[in-house]
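Observations on chain architecture
The lines below spell out each chain.
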Amino acid sequence: MTDSDLARHVRAVSRLTGEFVLRSGRTANEYFDKYQFEADPELLDRLAAEMAVLVPEGTEVLAGLEMGGIAVVTAVARHAKLPTAFVRKEAKKYGTARLAEGAEVAGRRVLVVEDVVTSGGQVVISTDELRKLGAHVDHALCVIDRQEGGAQALAADGITLRALLTRADLEAGVS
């Protein structure tokens, strides 16, 4: 499967049209239902293998963001052979009461992994929280960058976004 075949496959299984309210509160007429590619084990494995190549050198821990980033980070970790942390939107008030479960992040170079980035808002929030825990975060990795300002918002917070696919990739070759 070529990269363009992979983009077409992701588009075919995950692109929805209609009216959708995004996390940012903005309304969109196109939505990429990440759970459709995350729920397909063969497609998820192919995406993860391609994403593992994009992991910056020196990364010590992959940190997947709740909820969609969890499936992706687990699959990428298998290929990258790196430990994983699972990052909640907020720490639970019971049990371990930790924001990041799994691998320790303090003092380590951490790569934040997300499924789809639009505004970058959740990545910025979670990165700030990981940094408060002592993580060194300067990169994020996603399956799809919707190219709607997320990369710029992350750059303003000192984070370089690496994306396996962009909206342009998903639209290429579509008539």
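Above this text sits the structure in question.
Residues numbered from 1 in each chain as written. Predicted model: local features only at pLDDT ≥ 70, side-chain atom pairs only at ≥ 80, totals over all residues. Heavy atoms only, no water.

**Details of the overall build of the protein**
- Counting its secondary structure elements, the protein contains seven helices and eight strands.
- Computed over the C-alpha atoms, the radius of gyration of the protein is 16 Å, within 12% of the 16 Å expected from 2.2 N^0.38 for a compact globule of 175 residues.
- Each principal axis of the C-alpha atoms in the protein carries an extent, and together these give about 50 × 35 × 30 Å.
- A total of 175 residues make up the protein; the buried ones form 45% of that total.
- At a minimum sequence separation of 6, the contacts of the protein that also span at least 24 residues come to 59%.
- When the accessible surface of the protein is split by element, carbon and sulfur atoms take 52% of a total near 8500 Å². (Helix = DSSP H or I, 4+ residues; strand = E, 2+ residues; numbered from the N terminus. Rg over C-alpha atoms; globule rule 2.2 N^0.38 Å. Buried < 20%, exposed > 50% of the residue type's maximum accessible area, 1.4 Å probe, protein only. Contact = heavy atoms within 4.5 Å. Areas by Shrake-Rupley, 256 points an atom, 1.4 Å probe, with all protein chains shown as cover.)

**Observations regarding the packing of helix α1 (residues 3-14) against helix α3 (residues 41-52)**
- Two elements in contact, α1 and α3, have axes separated by 11 Å at closest approach and are oriented at 135°. For the element pair α1 / α3, the angle class is oblique. When the axes of α1 and α3 are compared, the crossing they make is left-handed. Counted together, Asp3, Leu6, His9, Val10 and Val13 of α1 and Leu43, Arg46, Leu47 and Glu50 of α3 form the full contact between these two elements. (Axes fitted to C-alpha atoms, helices over the stretch in contact; angles between N-to-C directions. Parallel < 35°, antiparallel > 145°, perpendicular 65-115°, else oblique. Left-handed = near helix turned anticlockwise from the far one by under 90°.)

**Quick look at the environment of Gln122**
- Turning to its location among the elements, Gln122 is positioned in helix α5 (residues 121-132).
- Considered as a pair, Gln122 and Ser24 are 98 residues apart in the sequence and their alpha carbons are 9.2 Å apart.
- When neighbours within four sequence positions are excluded, Gln122 is seen to be in contact with Arg23, Leu65, Lys89 and Glu114.

**Quick look at the packing of aromatic side chains**
- Following the criterion strictly, the structure yields one aromatic pair and no others.
- Geometrically, the ring pair formed by Phe20 and Tyr31 is stacked, given 5.2 Å between the ring centres and 25° between the ring planes. Of this pair, Phe20 sits in strand β1 (residues 15-21) while Tyr31 sits in strand β2 (residues 27-32), and the two are eleven residues apart along the sequence. (Phe/Tyr/Trp six-rings, centres within 6.5 Å; stacked < 30°, edge-to-face > 60°.)

**Structural notes on the sheet that holds strand β5 (residues 100-102)**
- Read from one edge of the open sheet, six strands run β5-β4-β3-β6-β7-β8, paired in mixed fashion. Two strands close off the open sheet at either side, each with one partner strand: β5 and β8 (160-166). For this sheet, the mean inter-axis angle between neighbouring strands, taken without regard to orientation, is 25°.
- Here strand β4 (residues 84-87) pairs with β5 via three bridges, running antiparallel. Note on β5: the bridge partner recorded for Val87 is Ala100. (Pairing = 2+ DSSP bridges.)

**Comments concerning the pairing of β1**
- Note that β1 and β2 share five bridges and pair antiparallel. Across the sheet, the residue bridging to Arg15 is Phe32, located in β2.
- The loop that links β1 with its antiparallel partner β2 comprises five residues; one of these, Gly25, has a positive phi angle of about 95°.

**Some points on the nonpolar core**
- Ranked by internal contacts, the top residues of the largest apolar core, which has 26 residues, are Val10, Leu47, Met51, Leu62, Ile144 and Leu165.
- Only α1, α3, α4 (68-80), β6 (109-117), β7 (136-145) and β8 provide two or more residues apiece to this core.
- Setting aside its immediate chain neighbours within four residues, Met51 contacts Val72, Val76, Val113, Leu141, Cys142, Val143 and Leu164.
- Counting residues in hydrophobic clusters, the runner-up holds 22 residues, among them Leu65, Val123, Ala140 and Leu161. (Core = buried A, V, L, I, M, F, W, Y, C linked by side-chain atoms within 4.5 Å.)

**Points about α1**
- The terminal C-alpha atoms of α1 lie 16 Å apart, and with twelve residues this matches the ideal 16 Å at 1.5 Å per residue to within 8%.
- Among the residues making up α1, those that are buried are Leu6, Ala7, Val10, Arg11 and Ser14. With its buried residues spanning 135° around the axis, α1 presents them on a single face. (Expected span 1.5 Å × (residues − 1). Arc of directions from axis to C-beta.)

These figures capture arrangement, not role.
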